[in-house]
Amino acid sequence: MTPSARETSERKRLLLVGQVNSGKSTLFNRLLRQERSLVSDQAGTTTDSVEKLFELPSVGPILLVDTPGLADDTPLGAERQRVTQLALSSADLVLYLLSCEDSLDTPIIAALRKANVPTLPIIARADLPEQSSWLERQEEIVQCFGHAPLSLRQNDDESLDTLLEKIKQTLHNVSEPTPSLLGNLCQTGDLVLLVMPQDSAAPAGRLILPQVQTIRALLDRGCHALCVTPEQLPTALSQLAAPPQLIITDSQVFATVEPLVPEGCRLTSFSILMSAQRGDLQRLVAGAATIGQLTPSSRLLIAEACTHAPEGEDIGTVKLPRLLRKRIGETLTIEHVSGRDFPEDLTPYDLVIHCGACMFNRRMLVSRQDLATAQQVPMTNYGLAIAYLTGILNKVALP
């Protein structure tokens, strides 16, 4: 079973990377203590990333990812490298498996160093060479990865235990606290009103992930959460003895909700909350401000983390493009990508507008922001873009 969005977006991601037949899939199965990933002596057995959740004591749930083998000359070799490169953008830690003879001058190793992804080198298959050449090789590996290589022997639980301890130590050292979803927008005892459209695009019988996570965050903080649809908002406000301290709405109904916000009550959106937790909010706000510089000949990229088939009045493919063209011009060029598809070259675009990234971890969204910043292409998110287009960007509360 493929892990759910919530299961994967908030877990540490541990990637196994290396050349074909370097022992990645064998290690994957040893860590899980089950036969999850296919093991074979034939080069290129793994053609796509294989993911599995497991619990690492003192760390918590980990998403373990077995990536395709590298440096093979099979017809799918280039595609395997592309898949692995995409996986690196969300990695919290990489286990790089290599033999004593593997080259350290590869595109993936260069990408790891450029992205500053913490990496543990592991010798998992080849026997160690004679002492003098091994000492020299060790020094080369230390200079490349910043860590001495670990020797992982097959059918040896002691070396596996040593690796697990090193993984725990490294994750503790590199882990950064996840920003609070709510920031300083509310405190214990506050009444928070959530405005949640239930139109044709809303999933039947359930709430979307940002709404679920926001409700949970409010409960954890000790706030009182009141949920309504946009149509119920006027009645709900009229029945309250005092205005709520905060209203959190779906960005697509900003224009409907904002005029009804009581004086002294803050207003924000689920998308803005998610992007602030997953990414660099300051850069996203600056990106929204560049919408005013767009012209009818501008070219935009809209990036959606979800891979669902758009239905009805989808916000990314229908509502947001409609708002943009109404404001800027019908000849505005808008392109779309979804899931892990994201172009390496962003220079053809004048602006990138990303969703709230509830299905991504923070590292992945920030890596996309870094890519855009390096190419001097502004990037914002759905909620901030809609706030700008409706003329209330300076009125929405930022966490």
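Residues numbered from 1 in each chain as written. Predicted model: local features only at pLDDT ≥ 70, side-chain atom pairs only at ≥ 80, totals over all residues. Heavy atoms only, no water.

Draft legend 1. Expanded view of the sheet that holds strand β5 (residues 119-123). Taken in spatial order, the six strands line up as β2-β3-β1-β4-β5-β6 in an open sheet, and their pairing is mixed. Because the sheet does not close on itself, it has two edges, and the strands there are β2 (50-56) and β6 (150-151). (Pairing = 2+ DSSP bridges. Helix = DSSP H or I, 4+ residues; strand = E, 2+ residues; numbered from the N terminus.)

Draft legend 2. Examining the nonpolar core more closely. Among the nonpolar cores identified, the biggest contains 56 residues, and Leu 320, Leu 324, Leu 346 and Ile 353 are the most heavily contacted of them. Shared between two domains, this core holds at least three residues of each, these being domain 2 (191-273) and domain 3 (289-395). Excluding residues that lie within four positions of it along the chain, Leu 320 makes contacts with Ile 302, Ile 315, Ile 353, Tyr 382, Ala 385, Ile 386 and Leu 389. Counting residues in hydrophobic clusters, the runner-up holds 23 residues, among them Ile 62, Leu 93, Leu 97 and Leu 164. (Core = buried A, V, L, I, M, F, W, Y, C linked by side-chain atoms within 4.5 Å. Buried < 20%, exposed > 50% of the residue type's maximum accessible area, 1.4 Å probe, protein only. Domains from an automatic or database assignment. Contact = heavy atoms within 4.5 Å.)

Draft legend 3. Up close: the packing of aromatic side chains. With the rule as written, the count across this model stands at one aromatic pair. Between the aromatic rings of Tyr 96 and Phe 145, the centroid separation amounts to 5.4 Å while the plane-to-plane angle is 40°, which identifies the pairing as tilted. You can see Tyr 96 sitting in strand β4 (residues 93-98) and its partner Phe 145 sitting in helix α5 (residues 131-145), a full 49 residues away along the chain. Phe 145 shares its class with Tyr 96; the two are buried. (Phe/Tyr/Trp six-rings, centres within 6.5 Å; stacked < 30°, edge-to-face > 60°.)

Draft legend 4. Representation of unusual backbone geometry within the structure. With phi around 65°, Ala 357 is a residue other than glycine that occupies positive phi space. A relative accessible area of 1% means that Ala 357 is categorised as buried. Positioned with a positive phi, Gln 376 is a non-glycine residue whose angle comes to about 60°. Mapped onto the elements of the fold, Gln 376 is located in the loop between α13 (362-374) and β14 (379-381). Taking relative accessible area as the criterion, Gln 376 reaches 73% and is therefore assigned exposed.

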